[in-house]
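Residues per chain, in single letters:
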Amino acid sequence: MTARLLLRHEAILGLLLALALGVLAFQTERFLTTANLLNQARLMTEVGLIGVVMTFVIITGGIDLSVGSILGLCAILIGVFWKTLGLPLPAAMALVVVVGTLCGLVNGLIITRFKVPPLIATLATLALYRGLAEGISQARSIRGYPEWFFALGQGSLLGIPTQLWLFAVVAAVGFYVLRFTTFGRATYLIGNNEAGALYSGIDVAGTKLWIYSASGFVSALAAIVFVSRVSTTRSDMGNGIELDVITAVVLGGTSIFGGRGMLVGTLLGLCLVQVLKNGLALSGVRGDGTIIVIGVVLIFAVLISNFLSRYSDD
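Residues numbered from 1 in each chain as written. Predicted model: local features only at pLDDT ≥ 70, side-chain atom pairs only at ≥ 80, totals over all residues. Heavy atoms only, no water.

Considerations on the layout of surface pockets
Rolled over the atoms, a probe as big as a water molecule pinpoints where empty space is left.
Next up, step 1: Size it by volume and the second largest pocket reaches roughly 320 Å³.
Next up, step 2: Sorting the residues of the lining of the second largest pocket by element identifies helix 4 (45-59), helix 9 (162-180) and helix 12 (204-230) as the ones contributing at least two each.
Next up, step 3: For the lining of the second largest pocket, the element with the highest residue contribution is helix 12, accounting for 5 residues.
Next up, step 4: Taken together, the residues of the lining of the second largest pocket sort by class into 12 nonpolar, 1 polar and no charged. (1 Å grid on protein atoms, 1.4 Å probe; cavity = no way out; pocket = protein on both sides within 12 Å on 5 of 7 lines; lining within 4 Å. Points joined across faces, edges and corners; volume = space filled by probe spheres on them. Helix = DSSP H or I, 4+ residues; strand = E, 2+ residues; numbered from the N terminus. Nonpolar A, V, L, I, M, F, W, Y, C, P; charged D, E, K, R; others polar.)

Listed below in structure tokens is the structure:
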């Protein structure tokens, strides 16, 4: 039992994370400080929020490339609803969450009702939502938000960044649903064998609709946190964030072919990517070098995990 536990992908990832922390702490004394680690936790919250639901998406054998564009659209709509249309900011925030959820629902409907592959469907809506954001914003940023709004993205509660509490709640809910509910079991069954899940009486289309709607929901939450953290609204917010999310999820051991994955692995993958980005930057490594290192670590982790999983099955 102990040997099989040590051969799990999550255990390997935990060892890699510990190794990275040790090496980078040795490289620069600024890295392993409370202030720096809390700041990195603040910076990774948006990716983490989306990564929780992206784990569900990929376990079903799907993908959602539109999350960054939904984030960008929701970010610009916060400013438009509040400053242009004159809605109270709390109402604007609530309306943005509705818009994000509807964007995710549209993705789910295209995939389930029209049988469009998730890669193609969300690639198309990536362009659609980003185009809407650009068209609505007209390349103008919106500033001047009230001070209380910045508490979510820049404040702290009990010494912990405020948005980290939100992330913890979303992650806890995601972990419980995936691990202990029939919905979570249905998610795995769909990824393992969608036709078999359908014949077993599982509502495959309904499950996917819930998951893709949830993906839009957390993208809208991430947009609110993002705007609060940077104090402004721009339509280019979220550009490329889908790649960071997918990297964290796949690095965490979720199979891109579906049917396998755990949120614990996603969280470890998220932490490892952020640790590498921050530590290498503090050590003087340029951005392109950081991308190369993360790519090498991703390949290494996946190859080692696949090798050890085959070894443990023999």
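Some remarks on the packing of helix 4 against helix 14 (residues 263-282)
Next up, step 1: Running from N to C, helix 4 and helix 14 cross one another at 145°; their axes reach a closest spacing of 10 Å. In the packing of helix 4 onto helix 14, the handedness of the crossing is right-handed. Contact residues: V47, G48, G51, V52, T55 and F56 in helix 4; L263, T266 and L270 in helix 14. (Axes fitted to C-alpha atoms, helices over the stretch in contact; angles between N-to-C directions. Left-handed = near helix turned anticlockwise from the far one by under 90°. Contact = heavy atoms within 4.5 Å.)

Quick look at empty space enclosed by the protein
Next up, step 1: If you walk through the whole model with that rule in mind, you get 1 cavity of 30 Å³ or more.
Next up, step 2: Each pocket or cavity is described by its volume, and for the largest cavity that value is around 50 Å³.
Next up, step 3: Every residue along the wall of the largest cavity is listed here: F175, L178, R179, Y188, M262 and L263.
Next up, step 4: Take the lining of the largest cavity: its biggest share by element is 3 residues, from helix 9.
Next up, step 5: Looking at side-chain class alone, the lining of the largest cavity contains 5 nonpolar, no polar and 1 charged residues.

Concerning the UniProt feature "transmembrane region" (unreviewed entry) in the protein chain
Next up, step 1: UniProt's feature table lists "transmembrane region" (unreviewed entry) at residues 49-82, 89-110, 148-178, 209-227, 248-270 and 290-308, given in the numbering used throughout.
Next up, step 2: For the annotated span residues 148-178, helix accounts for 71% and strand for 13% of the residues, and the straight-line distance between the end C-alpha atoms is 34 Å.
Next up, step 3: From the first C-alpha to the last, residues 209-227 spans 27 Å; its make-up is 100% helix and 0% strand. (UniProt positions renumbered as here; feature names shortened; annotations may be inferred.)

Description of the packing of aromatic side chains
Next up, step 1: All told, the structure shown has 6 aromatic pairs when counted by the stated rule.
Next up, step 2: With a centroid separation of 4.8 Å and an interplanar angle of 20°, the aromatic rings of W82 and Y145 are classed as stacked. With W82 in helix 5 (residues 67-84) and Y145 in the loop between helix 7 (118-137) and helix 8 (150-154), this pair connects stretches of sequence that are 63 residues apart. The pair formed by W82 and Y145 is uniform in burial state, with each residue classed as buried.
Next up, step 3: Both rings, one in W148 and one in F149, keep their centres 6.2 Å apart while their planes meet at 85°; by these two values the pair is edge-to-face.
Next up, step 4: Linked through ring pairs, W82, Y145, W148, F149 and F150 together constitute an aromatic cluster. (Phe/Tyr/Trp six-rings, centres within 6.5 Å; stacked < 30°, edge-to-face > 60°. Buried < 20%, exposed > 50% of the residue type's maximum accessible area, 1.4 Å probe, protein only.)

What about helix 10 (residues 182-192)?
Next up, step 1: Buried residues of helix 10: G184, A186, T187, I190 and G191, and no others. The arc enclosing the buried residues of helix 10, seen along the axis, measures out at 160°, which places them on a common side. In helix 10, the exposed residues that point more than 90 degrees away from the buried face are T182 and N192.
Next up, step 2: Where helix 10 is buried, its residues touch helix 4, helix 9, helix 11 (194-199) and helix 12. (Arc of directions from axis to C-beta.)

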